[in-house]
Amino acid sequence: MMTTALTERQIEVMNKMQEIAANVRKRVKETEEIRRIPEATMQELKDSGLMYILRPERYGGLQANVETYSQVIIELSKACASTGWIASLCAIRDIMVAESFNEKAHLEIFSDNPQDVLFAGVYEPRSCTVRKVEGGYLVEEGHWMFCSGSLHATWGYFGMYTKDENDNILEQLLMTVPFDVLEIEDDWHTLGLRGTGSNAVRMKNVFVPEHRVTSFVKILDGDFQSLHLRDIPLYNSALFPCLILSLGLPGLGVVKEMLDNFKQSLPYRTAQHMGVKMIKDAASTHHLLATAELKVETAELYFMNLAKSIDEWAAKGEIMPKDLRLKALADIGYANEMLNDAVQVLLRASGSGFVYDASPMQRLIRDFLTLNSHRSLSPVITRENYGRQLAGLQPNQIRY
């Protein structure tokens, strides 16, 4: 098992986590009501370095590893799912940008005031019309939904593609652009994760220079453009497993919080029609609680083992092999399935008290249902490709 070596600065950040999480927890209601992360929270995350936990040190980041990042995101998500989600995705964009683009692009992004730089983006466009032109690409029209952090971002990280005259995809590309070239649609009125500002965004007639565009396929396979960062282990991390891990970690934090809430309420809850006075004395409660606990522990083992594996391969200066990347996505999907199972078990054990708007459990359920529905976390989709590999077949998609 890999041990995590932390710098003094990283230890300071981890020690401060509980204080920050306590403040974040106090703003949960405000976060939902204003439908964005409060500026006080954003400033605390920046000042502590948590928002830049995966950013290169030369650009003002902590340059930690994926395991440390995972621990931070789980704790933040326990306090507030929306805050954990934004911290998770903004941080993972740092590692994606660090790997995907060359030094010229990095200097353009970080040269003025790196502490103000935050990324948001979506790798899959809903629609996109792009032309190759002299010196780069012209995005005539682009539409991306679910752009988490759109209300805080200064730079975007987006997928796009070029097509032939028959509408066949020629290239699948990634680009980074200043966020002020995008139009944000105020469409994030949702069941859960209400504070994430995951609005749709549009782009029209935007020129993107060559140095801020790269091949999605090559980057997924470890052909990174950031030659100036090759000696830093973190920036050899497998990009797509990192991205999907970032989507799964907040759910673990949310369900751990649900489990804690349930256990804390047990001494005060009376039973009805259960043959005992208190719910905590019922055999059915014992069975359900143990089942939920084991499923959450299983999910956490899958997530943290993957984080350690990503770090171990990166420390070798190697991209995680394809077969392990496919299994990594299946592991994430399976962990997400365990979390969903745990939620259902806790609901059976809780009764109907969660239906009240004042119940913390209701918000946690809404947040989990929203993030759990992300297609990239689907146990069915992620397991299908892994099953194809086990059957000796080729994957039916490039995203791994």
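Residues numbered from 1 in each chain as written. Predicted model: local features only at pLDDT ≥ 70, side-chain atom pairs only at ≥ 80, totals over all residues. Heavy atoms only, no water.

The chain carries the name Acyl-CoA dehydrogenase in an unreviewed UniProt entry, which gives Solibacillus kalamii as its organism.

### Quick notes on helix 11 (residues 360-372)
Condition: Going along the chain from the N terminus, every DSSP run of H or I of four or more residues is numbered as a helix, and every run of E of two or more is numbered as a strand. For a helix, the expected span equals 1.5 Å multiplied by the number of residues minus one. When a residue's accessible area, from a 1.4 Å probe over protein chains only, is under 20% of the maximum for its type it is buried; when over 50% it is exposed; and in between it is partly exposed. Pairs of N or O atoms are called polar contacts if they sit within 3.5 Å, as long as, within protein, a hydrogen donor faces a hydrogen acceptor (for residues adjacent in sequence, only side-chain-to-side-chain pairs).
Given a rise of 1.5 Å per residue, 13 residues ought to cover 18 Å, and the 18 Å separating the end C-alpha atoms of helix 11 matches this to within 8%. The buried count for helix 11 comes to 11 of 13 residues, which makes it a mostly enclosed element. Buried within helix 11 are the following residues: M361, Q362, R363, L364, I365, R366, D367, F368, T370, L371 and N372. The N-terminus of helix 11 is capped by S359, whose side-chain oxygen sits 3.2 Å from the backbone nitrogen of M361.

### Overview of the side chain of N65
Within the secondary structure layout, N65 lies in the loop between helix 3 (39-48) and helix 4 (66-79). A relative accessible area of 14% means that N65 is categorised as buried. Polar side-chain contacts of N65 include one of 2.7 Å to the side chain of T68.

### A short note on the pairing of strand 5 (residues 169-178)
What counts is decided by this rule: Strand pairing is assigned whenever DSSP detects at least two bridges linking the two strands.
Relative to strand 5, strand 4 (residues 155-163) runs antiparallel, the two being bridged by nine bridges. Of the residues in strand 5, the one forming a bridge with Y161 is Q172. In this structure, the hairpin formed by strand 4 and strand 5 is closed by a connection of five residues, where D167 is found at a positive phi of approximately 70 degrees. Examined bridge by bridge, strand 5 and strand 8 (residues 213-215) share three bridges and lie antiparallel to one another. Pairing of L173 across the sheet is with S215, part of strand 8.

### Description of the nonpolar core
Here is the rule we go by: To form a nonpolar core, buried Ala, Val, Leu, Ile, Met, Phe, Trp, Tyr and Cys residues must be joined to one another through side-chain atoms within 4.5 Å. Should any heavy atoms of two residues lie within 4.5 Å, those residues are counted as being in contact.
In terms of nonpolar packing, the biggest core is built from 107 residues, with Y69 and L245 touching the most fellow members. Not counting residues within four places of it along the chain, the set of residues in contact with Y69 comprises I53, L54, S88, A91, I92, S246 and L249. In terms of nonpolar packing, the next biggest core, distinct from the first, is built from 22 residues, C128, V130, L173 and V208 among them.

### Observations concerning the sheet that holds strand 4
The strand order across the open sheet built from four strands is 1-4-5-8, with neighbouring strands paired in mixed fashion. The sheet terminates laterally at strand 1 (119-120) and strand 8, the two strands that pair on one side only.

### Remarks on the UniProt feature "domain: Acyl-CoA dehydrogenase C-terminal" (unreviewed entry) in the chain
The test is simple: UniProt positions are given in the numbering used here, feature names are shortened, and annotations may be inferred rather than shown by experiment.
Following the UniProt record, one finds the feature "domain: Acyl-CoA dehydrogenase C-terminal" (unreviewed entry) at residues 246-378. Annotated as 71% helix and 0% strand, the span residues 246-378 places its first and last C-alpha atoms 14 Å apart.

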